[in-house]
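Descriptive structure summary
Each chain, letter by letter, is given below.
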Amino acid sequence: MNKLENNIEENIDNNPLYNLRDFVRRQECIEDYMQECKFRRKNHLKLLEKVLKLEEILSKKFVINIDPIIFLHWLYYEKNLSIESIVNYIKQLYDEQVEVEYFYKNATALQKFFTQVLNWKLKDPKENKKTTTYKSREKPEALITQNKEEKEKRKAMFLSWFIKNSVIDKTNFDIEVFNNFKFKYEKFIYLLENFFHISAESYKKLLEINLWNQSFADRFNEIFNENNIDFKISHKDVARVFEKYKND
């Protein structure tokens with residue numbers, strides 16, 4: 001770390017941050033100091049954008065203003081979720097709103113945000129997704145059963161949607177046209193419209209089903225396999241189609 005970075009750390013309050021207001025104030029303080037020193041590094045602004053995006057996602061999901069810092073603190077300390085579980089939960093919220101740029105993609109990155117940005121102390125200083133502490137944090141049996149039942153219910157809802165909205169008819173399907181598409185999401189759209197005859201409006205109804213985009217991808221891949229279609233998609237392809245249909 002160079003001398004300038006040391007000066008920044010000395011001038012910025014390193015107390016724990018527990019709400020968005022204090023986080024924004026700290027990031028603005030960093031920006032003021034950067035401007036004063038004519039230092040061009042912009043990571044603090046990108047981080048502010050990331051946190052404000054999370055605020056937007058949460059507010060859309062719960063239809064009220066949600067402080068993202070308070071929300072993360074509640075999940076980690078009060079709900080006692082592991083960092084890995086928080087990452088997956090936040091990913092699900094982003095998937096529901098067809099956002100492919102996640103808040104954080106893995107537990108290691110979110111842990112650094114907690115400890116190095118928000119200056120929080122881990123519930124267990126040795127906490128890591130590879131440690132005994134992490135592995136032994138098991139969900140109560142009743143919660144496991146409930147989650148499994150809800151997952152099966154959502155799968156059944158997807159199957160019901162597919163039966164209602166699809167008609168398998170290969171008359172207009174042209175394998176050469178299919179193979180000439182450059183991107184997988186384009187091939188996916190072609191299959192939806194010309195093999196299963198699923199319209200854009202029918203596809204958008206999937207948003208009413210509380211499933212991750214990867215779960216949608218898994219279900220479609222099962223259907224492709226059942227119909228001897230040598231093609232697989234990922235959550236990114238599902239999201240791209242949602243985005244494409246939303247903008248058309």
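**Description of the overall build of the chain**
Of regular secondary structure, the chain possesses 13 helices and zero strands. Secondary structure elements of the chain, listed N to C terminal, follow the sequence α-α-α-α-α-α-α-α-α-α-α-α-α. The buried share among the 248 residues of the chain stands at 38%. For the chain, the proportion of contacts with a sequence separation of at least 24, taken over those separated by at least 6, is 65%.

**So, the packing of aromatic side chains**
Each aromatic ring pair is characterised by the separation of its centres together with the angle its planes make. Throughout the structure, instances matching the rule amount to 36 aromatic pairs. Measuring from centroid to centroid gives 5.3 Å for Phe 158 and Phe 220, while their planes differ by 90°, and the two rings are edge-to-face. Taken together, the residues Phe 158 in helix 8 (residues 141-165) and Phe 220 in helix 12 (residues 213-226) connect sequence positions 62 residues apart. As far as burial versus exposure is concerned, Phe 158 and Phe 220 are alike and both buried. Aromatic side chains Phe 162 and Phe 196 sit 5.7 Å apart centroid to centroid with 65° between the ring planes, which places their arrangement in the edge-to-face category.

**Considerations on the environment of Lys 121**
Looking at the element boundaries, Lys 121 is found in the loop between helix 6 (107-117) and helix 7 (132-136). Residues Lys 121 and Pro 16, 105 residues apart in the sequence, show an inter-C-alpha distance of 8.6 Å. When near neighbours in sequence (up to four residues on either side) are disregarded, Lys 121 contacts Tyr 76 and Tyr 77.

**Description of the pattern of salt bridges**
For side chains bearing opposite charge, pairing can occur when the charged atoms are close. What the rule picks out here adds up to 10 salt bridges. In this structure, Lys 61 engages Glu 96 in a salt bridge whose closest nitrogen and oxygen atoms are separated by 3.0 Å. A residue pair is termed long-range when its members are at least 10 positions apart, and Lys 61 in helix 3 (residues 43-62) and Glu 96 in helix 5 (residues 83-96) qualify at 35 residues. Taking the shortest distance from any N to any O, the salt bridge between Glu 243 and Lys 246 comes out at 3.5 Å. A residue pair is termed a helical-turn pair when its members lie 3 or 4 positions apart in one helix, as Glu 243 and Lys 246 do in helix 13 (residues 235-247) at three residues. One connected set of salt bridges, linked through shared partners, spans Lys 53, Glu 56, Lys 60 and Glu 99.

**Side note on the packing of helix 12 against helix 13**
In a pair of packed helices, the angle between the axes and the distance between the axes together describe the arrangement. Taken N-terminus to C-terminus, the directions of helix 12 and helix 13 make an angle of 100°; their axes are 7 Å apart at the nearest point. It follows that helix 12 is roughly perpendicular to helix 13 by the angle criterion. Each of Asn 213, Gln 214, Phe 216 and Ala 217 in helix 12 lies in contact with helix 13, whose residues at this interface are His 235, Val 238, Ala 239 and Phe 242. A class-by-class count of the residues in the contact of helix 12 with helix 13 yields five nonpolar, three polar and no charged.

**With respect to the packing of helix 10 (residues 184-194) against helix 13**
Where helix 10 meets helix 13, the closest approach of the two axes is 9 Å, and the angle between their N-to-C directions is 70°. Classified by the angle between their axes, helix 10 and helix 13 sit roughly perpendicular to one another. Two secondary-structure elements touch here, helix 10 through Lys 184, Tyr 185, Phe 188, Ile 189, Leu 192 and Glu 193 and helix 13 through Asp 237, Val 238, Arg 240, Val 241, Lys 244 and Tyr 245. Tallied by class, the residues present in the contact of helix 10 with helix 13 amount to seven nonpolar, no polar and five charged.

**Some remarks on the environment of Trp 161**
Along the chain, Trp 161 turns up in helix 8. Counting along the chain gives 48 residues from Trp 161 to Ile 209, while the straight-line C-alpha distance between them is 9.1 Å. Once you skip the residues sitting within four places of it in the chain, Trp 161 turns out to touch Ile 198, Ser 202, Tyr 203, Lys 205, Leu 206, Ile 209 and Phe 220.

**Digging into the side chain of Asn 221**
Tracing the backbone through its elements, the reader meets Asn 221 in helix 12. At 2.9 Å, the side chain of Asn 221 and the backbone nitrogen of Ile 233 are in polar contact. Residues contacting Asn 221, with those up to four places away along its chain left out, are Phe 231, Lys 232 and Ile 233.

How each quantity is defined
Residues numbered from 1 in each chain as written. Predicted model: local features only at pLDDT ≥ 70, side-chain atom pairs only at ≥ 80, totals over all residues. Heavy atoms only, no water. Helix = DSSP H or I, 4+ residues; strand = E, 2+ residues; numbered from the N terminus. Buried < 20%, exposed > 50% of the residue type's maximum accessible area, 1.4 Å probe, protein only. Contact = heavy atoms within 4.5 Å. Phe/Tyr/Trp six-rings, centres within 6.5 Å; stacked < 30°, edge-to-face > 60°. Salt bridge = Lys/Arg side-chain N within 4 Å of Asp/Glu carboxyl O. Axes fitted to C-alpha atoms, helices over the stretch in contact; angles between N-to-C directions. Parallel < 35°, antiparallel > 145°, perpendicular 65-115°, else oblique. Nonpolar A, V, L, I, M, F, W, Y, C, P; charged D, E, K, R; others polar. Polar contact = N/O pair within 3.5 Å; in protein donor to acceptor, adjacent residues only side chain to side chain.

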